[in-house]
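Structural overview for review
The primary structure of each chain is shown beneath.
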2 protein chains.
Amino acid sequence: MKPTANRILVLRAMLTAQYPVSLPEMVQTLSTMDKSSIFRVLSVFQQHHVVHSIEDGSGVLKYEVCGGADGCTLSDMHTHFHCEVCRRTFCFKAIHIPPIELPEGFSMESVNYLVKGVCSDCAKKPR
Amino acid sequence: MKPTANRILVLRAMLTAQYPVSLPEMVQTLSTMDKSSIFRVLSVFQQHHVVHSIEDGSGVLKYEVCGGADGCTLSDMHTHFHCEVCRRTFCFKAIHIPPIELPEGFSMESVNYLVKGVCSDCAKKPR
DNA sequence: AAAGCCATGCACCCGGGTTGCAAAACGTCC
DNA sequence: GGACGTTTTGCAACCCGGGTGCATGGCTTT
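So, here's what we can say about the structure.

1. Focus on the protein's contact with DNA strand C
The environment of DNA strand C is formed by 19 residues, the closest being A:Phe39, B:Thr4, B:Asn6, B:Arg7 and B:Arg40. Taking the atoms of DNA strand C that fall within 4 Å of the protein, sugar and phosphate contribute 65% of them. Here a sugar or linking oxygen of DNA strand C sits 3.1 Å away from a polar atom, N or O, in the side chain of B:Asn6. The side chain of B:Arg7 places a nitrogen or oxygen atom 2.6 Å from a phosphate oxygen of DNA strand C. Counting only elements with at least two residues in the surface near DNA strand C, the list comes to helix 2 (23–29) and helix 3 (35–47) of chain A together with helix 1 (5–16) and helix 3 (35–47) of chain B. Within the surface near DNA strand C, the residues separate by chemical class into 7 nonpolar, 6 polar and 6 charged.

Put into structure tokens, the structure is as follows:
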């Protein structure tokens, strides 16, 4: 995988963001790049396990840089929280996903643990 | 909430399906109803906690009839499995979602525990 | 019977995701 | 350095799921 200028841009944008970002958000941020280019960069990143996508109930996919140096393993996956008021997504990096036992014959590729509710900020400031 | 003919149709279709169904699927099945009608029926059902929606990584929302007679509580939520080969969604009704401890100030409204991978059927029949 | 309300169907819009295609950038070999 | 093949990029367009505005029609209430 070659370190293209665009790829570096995307990766840097994702690293600086402290929460998972969506494609539309990146289109906003990286105004020099085209939507499809960002999309393709993200696809390549996913294939090479540099980033992974999560779904947070907002309806749009969010992307996140994988944790470990050797890509992201299952144990590295953490829980996510989607605030239904401010629509932000939080990574609870400290809270790992509790494992479950799959039925016979089923093999796991990835896990998503998503909590929806009200975040602490929005709980404090009632509108 | 009135038991309209259409609402009965939708509810019956959901009860007979043994896995969560998507809106497009219901449009296919209930050919007499319009997409927007089904959509609105599902919205009403969700407001009255008759059904709830889950996201299974396929990109489209799936709907499922709530379990308990008094609507679906958090403890009633179960895990879901999305097969990346046949694109079916399984309800592991027996496997409840293991709880996590949220940080201070965060309140939970709903939980989604989604596993992606290969189901037992697709594991048997290699293509 | 008249008025009001709600459900329905139709058309349409919106926005995220995705692809086809042609131009541009890059790397390589002579 | 020039020609060539490969990869990446930008543009345009498409697909599809979700959602809405509006007018009709049926049912209820007075």
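2. Considering the sheet that holds strand 2 (residues 51–55) of chain B
Residue and element names in this part refer to chain B. Pairing is antiparallel across the open sheet formed by 3 strands, whose spatial order is 1-3-2. The two strands at the open ends of the sheet, each matched to only one other strand, are strand 1 (21–22) and strand 2. Running at roughly 90° to strand 3 (residues 61–65), helix 1 makes contact with strand 1, strand 2 and strand 3 of the sheet. Strands strand 2 and strand 3 of the sheet are contacted by helix 3, whose axis makes an angle of about 105° with strand 2.

3. Examining the packing of helix 1 (residues 5–16) of chain A against helix 3 of chain A
Residue and element names in this part refer to chain A. Two elements in contact, helix 1 and helix 3, have axes whose closest approach is 10 Å; the angle formed by their N-to-C orientations is 75°. By the angle class used here, helix 1 and helix 3 are roughly perpendicular. Contacts between helix 1 and helix 3 involve Arg7, Val10, Leu11 and Met14 from the first element and Ile38, Val41, Leu42, Val44 and Phe45 from the second. Considering only residue class, the contact of helix 1 with helix 3 consists of 8 nonpolar, no polar and 1 charged.

4. Quick notes on the state of the cysteines
The full count for this structure, using the stated rule, is 0 disulfides over all chains. Just so you know, B:Cys83 is unpaired, no disulfide at all, and the nearest cysteine sulfur is the one on B:Cys86, 3.5 Å from it.

Criteria and thresholds
- Residues numbered from 1 in each chain as written.
- Chains lettered and ligands numbered in written order.
- Predicted model: local features only at pLDDT ≥ 70, side-chain atom pairs only at ≥ 80, totals over all residues.
- Heavy atoms only, no water.
- Near = heavy atom within 4 Å.
- Polar contact = N/O pair within 3.5 Å; in protein donor to acceptor, adjacent residues only side chain to side chain.
- Helix = DSSP H or I, 4+ residues; strand = E, 2+ residues; numbered from the N terminus.
- Nonpolar A, V, L, I, M, F, W, Y, C, P; charged D, E, K, R; others polar.
- Pairing = 2+ DSSP bridges.
- Contact = heavy atoms within 4.5 Å.
- Axes fitted to C-alpha atoms, helices over the stretch in contact; angles between N-to-C directions.
- Parallel < 35°, antiparallel > 145°, perpendicular 65-115°, else oblique.
- Disulfide = S-S within 2.5 Å.

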